[in-house]
Amino acid sequence: MKQNEEEWVEYKNVMEDVVKRSGLDKNIFYDLRGNHDNFGVPVIGGSLDFYSKYSINGQLGRSGHVNSVTLTLQAGKQKYLFVGLDSTMSVGLRGPTNLFGHPSDQLLAEVDLELSQWGSQPVKPVSKISFGHFPLSFSASSQSGKTLKDIFLKHSLSAYVCGHLHSRFGKNLKRYHLSSHRFLSSQKFFQFNLNQNPSEGSKNCSFGAPPVQEFWEWEMGDWRKTRAMRILAIDRGHVSFADIDFKSGSKKTIILPTFPLDSRFMSTSSSHHEYECEHMLPSSYETVRALVFSVSPIVSVVAKIYDTRYENLDIVVDAPMTNLGDESSRGDLYAVPWNYKAFQDPSADRFWLQIEATDIMGRTTMTELRPFSVNGLHGKVSWTWKEFFVMGCQWEALYYPILWVCLYFLLLILLIPRAFLFFSRKQITYKNVLAAKGFISGVGLVLQELCNVPIAWFGFLGYLFYLILFPWFTGQVFTDGEDKGYMTYMGWAVKSSDNKSNHDYIGSPDVMVVVLPHLIFVVLPAILSSGALAAERVVHRGKFLSVSGKKKDDYSGLDQRSVRYDSRGNRRSKFHFGGHWIRLILLVLCLVICWKHFKNCRALMKAYEMNPLLHFPVYTLGIPLSLVYVIHKTKRN
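Residues numbered from 1 in each chain as written. Predicted model: local features only at pLDDT ≥ 70, side-chain atom pairs only at ≥ 80, totals over all residues. Heavy atoms only, no water.

Time to look at the overall build of the protein chain. Secondary structure assignment for the protein chain yields 15 helices and 23 strands. Buried positions account for 46% of the 637 residues belonging to the protein chain. Summarising the internal contacts of the protein chain: among those between residues at least 6 apart in sequence, 71% fall at separations of at least 24. Carbon and sulfur atoms make up 58% of the accessible area of the protein chain, which totals about 33,200 Å². (Helix = DSSP H or I, 4+ residues; strand = E, 2+ residues; numbered from the N terminus. Buried < 20%, exposed > 50% of the residue type's maximum accessible area, 1.4 Å probe, protein only. Contact = heavy atoms within 4.5 Å. Areas by Shrake-Rupley, 256 points an atom, 1.4 Å probe, with all protein chains shown as cover.)

The next thing to look at is the packing of helix 4 (residues 105-115) against helix 5 (residues 148-155). Packing of helix 4 against helix 5 brings their axes to within 10 Å, and their N-to-C directions diverge by 10°. As summarised for this structure, helix 4 and helix 5 are arranged roughly parallel, according to the angle between their axes. Regarding helix 4 and helix 5, the two cross each other, and that crossing is right-handed. The segment helix 4 lies against helix 5, with Leu-108, Val-111, Asp-112 and Leu-115 engaging Leu-148, Ile-151, Phe-152, Lys-154 and His-155. Grouping the amino acids of the contact of helix 4 with helix 5 by side-chain chemistry returns 6 nonpolar, 1 polar and 2 charged. (Axes fitted to C-alpha atoms, helices over the stretch in contact; angles between N-to-C directions. Parallel < 35°, antiparallel > 145°, perpendicular 65-115°, else oblique. Left-handed = near helix turned anticlockwise from the far one by under 90°. Nonpolar A, V, L, I, M, F, W, Y, C, P; charged D, E, K, R; others polar.)

Here we take up the packing of helix 13 (residues 581-608) against helix 15 (residues 617-633). Relative to each other, helix 13 and helix 15 sit at 165°, their axes nearing to 10 Å. With respect to their mutual orientation, helix 13 and helix 15 come out roughly antiparallel. Crossing of helix 13 over helix 15 shows left-handed handedness. Touching Arg-583, Leu-587, Cys-590, Ile-593, Cys-594, His-597, Phe-598, Cys-601 and Leu-604 of helix 13 are Tyr-619, Thr-620, Ile-623, Pro-624, Leu-627 and Ile-631, all from helix 15. When grouped by side-chain class, the residues that make up the contact of helix 13 with helix 15 number 12 nonpolar, 2 polar and 1 charged.

Turning next to the packing of aromatic side chains. Taken as a whole, this structure holds 37 aromatic pairs when the rule is applied. With a centroid separation of 5.9 Å and 55° between ring planes, the pair formed by Trp-223 and Phe-246 is classed as tilted. With Trp-223 in the loop between strand 6 (214-219) and strand 7 (228-235) and Phe-246 in the loop between strand 8 (238-245) and strand 9 (253-259), this residue pair connects regions lying 23 residues apart in the sequence. Measuring from ring centre to ring centre gives 5.0 Å for Trp-492 and Tyr-608, while their planes differ by 50°; the resulting arrangement is tilted. Of this pair, Trp-492 sits in strand 20 (residues 491-495) while Tyr-608 is found in helix 13, placing the two residues 116 residues apart along the sequence. Both residues of the pair, Trp-492 and Tyr-608, belong to the buried class. Taken together, the ring pairs connect Phe-259, Tyr-285, Trp-338, Tyr-340, Phe-343, Phe-351 and Phe-372 into an aromatic cluster. The ring of Phe-265 carries the charged tip of Lys-174 above its face, separated from the ring centre by 4.9 Å. Sitting over the face of the ring of Trp-457, Arg-418 holds its NZ or CZ atom 4.8 Å from the ring centroid. (Phe/Tyr/Trp six-rings, centres within 6.5 Å; stacked < 30°, edge-to-face > 60°. Lys NZ or Arg CZ within 6 Å of the ring centre and 35° of its normal.)

Looking now at the side chain of Arg-33. Structurally, Arg-33 is set in the loop between helix 1 (5-22) and helix 2 (50-54). A distance of 2.8 Å separates polar atoms of two side chains, one belonging to Arg-33 and the other to Asp-49. In this structure the side chain of Arg-33 is engaged in a polar contact, spanning 3.0 Å, whose partner is the side chain of Asp-86. Other than its neighbours up to four places away in sequence, Arg-33 contacts Asn-38, Ile-44, Asp-49, Tyr-51, Ser-52, Asp-86, Thr-88 and His-133. (Polar contact = N/O pair within 3.5 Å; in protein donor to acceptor, adjacent residues only side chain to side chain.)

The antiparallel open sheet is built from 4 strands, whose spatial order is 9-10-14-13. Because the sheet does not close on itself, it has two edges, and the strands there are strand 9 and strand 13 (322-323). As defined by bridge partners, strand 9 adjoins strand 10 (residues 287-294) across 6 bridges and the pair is classed as antiparallel. The residue bridging Ile-254 from the neighbouring strand is Phe-293, located in strand 10. (Pairing = 2+ DSSP bridges.)

It is worth spelling out the pairing of strand 20 at this point. Among the 5 residues in strand 20, 4 count as buried, and that is most of the element. In this sheet, strand 20 lies alongside strand 19 (residues 485-488) in antiparallel orientation, the contact comprising 3 bridges. In the strand pairing of strand 20, Tyr-486 is matched with Ala-493. If you look at the hairpin formed by strand 19 and strand 20, you'll find 2 residues sitting between the two strands.

We now examine the nonpolar core. Within the largest apolar cluster, 91 residues are counted, with the highest numbers of intra-cluster contacts made by Phe-473, Trp-492, Val-515, Leu-519, Val-523, Tyr-619 and Ile-623. For this core, the element with the highest residue contribution is helix 12 (residues 512-548), accounting for 14 residues. Tyr-285, Val-301, Ile-305 and Leu-353 belong to the second largest nonpolar core, which has 25 residues in total. (Core = buried A, V, L, I, M, F, W, Y, C linked by side-chain atoms within 4.5 Å.)

Here we take up the environment of Ala-233. With respect to the helices and strands, Ala-233 occurs in strand 7. For the pair Ala-233 and Leu-291, spaced 58 residues apart in sequence, the C-alpha to C-alpha distance is 8.7 Å. The contact partners of Ala-233, leaving out residues within four places of it in the chain, are His-238, Val-239, Ser-240, Leu-256, Thr-258 and Leu-291.

If you want it as structure tokens, here you go:
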């Protein structure tokens, strides 16, 4: 949750070794700051800003938040633009409430300006790639409400390459963005599919037609745990990549097919439009091409194309490829001519490509089969629920709706039963629940009986108002300094490094990782468990009275055979409604809630150097004390 300078020294030494071994110019390396590189940094450029001291960008004096690289190749026919951006917070809070990218309006203006290069020369094709740390699902909007997505759509990037999420969430952490002009669009909150199908309209092949606003977002995994690396290539305007997993060991040969493109991740609606209107470069379609990197000389490379029309892998092309590279290249480009028009098909996944390379040692390496569409059609890919959770949800837009739904729901389940008891003479009894055999009546009994434990009910209500109106806790948000900040559901209020001004409510929506889990997994279960304990006592008592045949307060005539005495001489009934198992389950649930709550408190104590009794006593003790009181009040006599 804060930084270690020893790790930065190690990083600097490793990168210097990489530069030395590769023989490449250090100036062509770019490293970007992420949220972990900003943990606990009170001011950019200060003594605790180790990124500015040890990173390659810092050593080369690249102090700006936007860096661009422009290239012109193939005798000026093709232009390439790479724009890197640093959207970390200007004030580096400690984790875990430092999770989102926070682009400012100034940063967005700089990115827009860099991506506008060659804007006055639309005749010459330009491939634009942007790279940053945060995926757009974890990027906040600027003060004026603008987003990185707006800028990227405006310039129709080839791709935005990002990190942050790590590979444990899945392998398809990719997302296709397409401009939507609908006023009420669910895309502000969700995107349910990795791909989006553009609306079918009339084909406009005039050169003056506005381009489709779109781009791909490709999260690239992490090296730290999964040893993942990506090679990205632009071949005559066609952008492709290969992800390499080094966790199983080093790779002797790496193959990256550069054309035709994988229809699942690399086809866009503009590709289909260009092909239909014949605006594409015909020369880029005339060969199958692949980059091959190998530690040993390659003796043969073969392109294989399979047809799955009849639900079998029927090979239709098996052709040797020719080396087009030269000695100055670190990877060799192989190509083989083909009749691309023979592979036109309305299906995006009928034809599949595989490249096979054999080195001088006799080792054979094959790429995985990948579908392609020369028409530029989308292949279908579905997210898993984890992938949708981190890539398909726009968390900044969702935070406040989820927060207020939770708070209103918690208030309603407390206030509505209380109002019902106040204005109505009728009450829900366990007999009503047994007769109705309904879930709603059971929940009604639970919430009603919580109202009959008034101290607990008022305690939960007061706790909710405390969470809404007061700071949750006070903690050390920076690595140095004595001043502490306080956190509310709106963010952190902290003093600036010069102690002359306040940063009000920074770290929003980052604080959602503390706020929402506490409401959903601690407060809500605590309220329901307390009501269930109270209801269980009432049901047990009612069953006991019905079996004994006595009135509610008449115990004097019980058969002595149904009475036993405890060690203190107190009379206790032998009757057990279902034994003690229901109450035991509820008690175990209360222990789980307390364990979850104290585990979260312990993590916050370590992250922000807090004392639970001094810096957040209400947040820490409110729920456990309420549960202990309810357990005591509902114990059986």
